Amino acid sequence: MEPQLDVHTISAETEAPEPQADALPVILRSPTLFVAGTALFLVGWYLLYTHLEAGAALITAGLFGPINGRPFPSAVEFFIYEAPKVMMLLTLVVFGVGMVRSFFSPERTRRLLAGRNEYLGHVPAALLGIVTPFCSCSAVPLFIGFVTAGVPLGVTFAFLISAPMVNEIALALLFGLFGWKVAAWYLGTGLFIAVLSGIVISRLHMERHVEDWVYGITAGACDQACTPDSSMTWQERVLYGWSAVKDIVLKVWPYVLLGIAVGAGIHGYVPENLLAGLMGKDAWWSVPLAVLLGVPMYSNAAGIIPIVEALLSKGAALGTSLAFMMAVIGLSLPEVIILRKVLKPPLIAVFIGVVAVGIIFVGFFFNALL
Amino acid sequence: MKVEILGVGCAKCNQLYDLTQKVVKNNNIPAEVVKVEDMAVIAKYGVFLTPGLVIDGQVKAAGKVPKEAELLAWLTR
């Protein structure tokens, strides 16, 4: 086969080069077929999803007879209900977010944010943090690219904080496990922390605490290879969403299952209300403690949320549990070590401090509210 | 020909490095393949999403591991 490729059609975001009509999967050849197929898939998905609980109960009853509070069977039931449920939600949301992300790239985000008024830039930066594809291993080149292109430091931080903390996987799982209200509050408070931290860093004028060599760099423009083709066809966007599913779901499923297994263990063996005294609403000190424990820890959202669910079911307060989760996914030791290359210690300290305080505040807020 | 693989320790960066080595070797392409881990250099190329692939100073791909056929086409152009 003679590869015929035009460099201009290859972008950072498309997995496949310009698809030839006959190289497309059958389902993508006509919009009608695609819409019909998608509708059919969603109906099937919904039917399966709504019957998982009954199915898990049936299987467990078949295996062990009536559960009657026995720890092992209830742990098993928890696992065979939650594992497919979480994986199904994850697949759907990662696909959807993947398609949305095909419209964004760090380069485009940088262009949108460059030269923004410092005060009007924080909110869009935090919002773009959700939809821009970003991995914390790219945090440093991204930081340099933003700052040298004239994105204000605080605005850059609003982006860098929101990108890992307001996480689509977390959003999907919270929605699935706790309902839309909790998911919406998580989204709102996560954005709030990112914007607030950005504003604080702006107000403190910390530009001199960026390593000196950073401002000396002229970041090149990498337009053709890095910017997603704005003329991506809908087929390419679907393929992009699908490749996100393959990338992310294949990577995180062991963590998800491990998280659910730990959750199942807690669910079966930890007595009801054991955690109420330790992590309940009345134990105010548990919020800062949870954040303190969570900051150096790192896990992806997919692994931590089933544990959060199990903690909640044993009497831990929602605010405390969410604060723990946000601290684990939003701030991590590896990311801080990477960022140390471009940030001097005072700025690192302010970054961690402001975000941690923000999360503690959110924890208290949830505990008081719910 | 100089081929630079931009990126620090991400799984895809190593994947891209290995794939490029393989393509170069299998097709007897006279190219030198090097890893670039200096953040300043990566930023200078304007690459935010690693791995980045740079051939003779020109960024060919960022944020993904290209398919073998694409890679071969770039390397033999």
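Residues numbered from 1 in each chain as written. Chains lettered and ligands numbered in written order. Predicted model: local features only at pLDDT ≥ 70, side-chain atom pairs only at ≥ 80, totals over all residues.

Draft legend 1. Representation of the overall build of chain A. Tallying secondary structure elements over chain A gives 18 helices and zero strands in all. Taken over the C-alpha atoms alone, chain A extends approximately 65 × 55 × 30 Å along its principal axes. Burial status across chain A gives 43% buried among its 370 residues. (Helix = DSSP H or I, 4+ residues; strand = E, 2+ residues; numbered from the N terminus. Buried ≥ 20, exposed ≤ 12 C-beta atoms within 10 Å, placed from the backbone.)

Draft legend 2. Region of interest: helix 9 (residues 180–203) of chain A. End to end, helix 9 of chain A covers 34 Å across 24 residues, agreeing with the expected 34 Å (1.5 Å per residue, within 8%). Phi for His205(A), located one or two positions after helix 9 of chain A, is positive at around 50°. (Expected span 1.5 Å × (residues − 1).)

Draft legend 3. Focus on the packing of helix 16 (residues 318–330) of chain A against helix 18 (residues 345–369) of chain A. Residues and elements named next belong to chain A. The contact between helix 16 and helix 18 brings their axes to 7 Å, and the two run at 155°. Viewed along their axes, helix 16 and helix 18 adopt a mutual orientation that is roughly antiparallel. Along this stretch, helix 16 crosses helix 18, giving a crossing that reads as right-handed. Contact with helix 16, carried on its side by Leu318, Gly319, Thr320, Leu322, Ala323, Met326, Ala327 and Gly330, involves Val355, Ala356, Ile359, Ile360, Val362, Gly363, Phe364, Phe365, Phe366 and Asn367 of helix 18 and no other residues of that element. (Axes fitted to C-alpha atoms, helices over the stretch in contact; angles between N-to-C directions. Parallel < 35°, antiparallel > 145°, perpendicular 65-115°, else oblique. Left-handed = near helix turned anticlockwise from the far one by under 90°. Contact = placed C-beta atoms within 7 Å.)

Draft legend 4. Spatial organisation of helix 18 of chain A. Residue and element names in this part refer to chain A. Between its terminal C-alpha atoms helix 18 stretches 36 Å, which fits the 36 Å expected from 25 residues at 1.5 Å a residue. Within helix 18, burial applies to Leu347, Phe351, Val354, Val355, Ala356, Gly358, Ile359, Ile360, Val362, Gly363, Phe366 and Asn367. Where the residues of helix 18 are buried, they touch helix 7 (153–165), helix 9, helix 14 (286–294) and helix 16.

Draft legend 5. The arrangement of the sheet that holds strand 3 (residues 52–55) of chain B in detail. All names here are of chain B. Pairing is mixed across the open sheet formed by four strands, whose spatial order is 2-1-3-4. A strand with exactly one partner marks an edge of an open sheet, and here the two such strands are strand 2 (32–36) and strand 4 (58–62). On average, each strand axis in the sheet is tilted by 20° relative to the strand beside it, whichever way the strands run. Taken together, the four bridges between strand 3 and strand 4 define a ladder with antiparallel strand orientation. Following the sheet pairing, Gly52 is matched in strand 4 by Ala62. The strands touched by helix 1 (residues 11–26) are strand 1 (2–6), strand 2 and strand 3; relative to strand 1, the strand with the most contacts, the crossing angle is about 160°. (Pairing = 2+ DSSP bridges.)

Draft legend 6. Molecular detail of the confidence of the model for chain B. All names here are of chain B. On average, chain B scores 86 in pLDDT, and the residues at 70 or more come to 100%. Across chain B, the secondary-structure element scoring lowest on mean pLDDT is helix 2 (residues 39–44), at 80, and the one scoring highest is strand 1, at 91. Across the predicted assembly, pTM comes out at 0.78 and ipTM at 0.74. (pLDDT = per-residue confidence, 0-100.)

Draft legend 7. Focus on the pairing of strand 2 of chain B. All names here are of chain B. Here strand 1 pairs with strand 2 via five bridges, running parallel. The residue of strand 2 that forms the bridge with Leu6 is Val36. Handedness of the β-α-β unit built from strand 1, helix 1 and strand 2 comes out right-handed. (Right-handed = clockwise from strand over helix to strand, strands pointing away.)

Draft legend 8. Spatial organisation of unusual backbone geometry. Within the chain, His205(A) stands out as a residue other than glycine whose phi angle is a positive 50°. With respect to the helices and strands, the residue His205(A) is situated in the loop between helix 9 and helix 10 (212–215). With 10 C-beta atoms packed within 10 Å, His205(A) lands in the exposed category. Of note in this structure, Asn28(B) is not a glycine but carries a positive phi near 50°. Assignment of secondary structure puts Asn28(B) in the loop between helix 1 and strand 2. For Asn28(B), a count of 7 C-beta atoms within 10 Å gives the class exposed.

Draft legend 9. Structural context of the environment of Val93(A). Residues and elements named next belong to chain A. Tracing the backbone through its elements, the reader meets Val93 in helix 3 (residues 71–101). Residue Val93 is classed as buried on the basis of its 20 C-beta neighbours within 10 Å. Sequence separation between Val93 and Ile169 is 76 residues, and the spatial gap between their C-alpha atoms is 7.2 Å. Not counting residues up to four positions away in its chain, the partners in contact with Val93 are Glu168 and Ala172.

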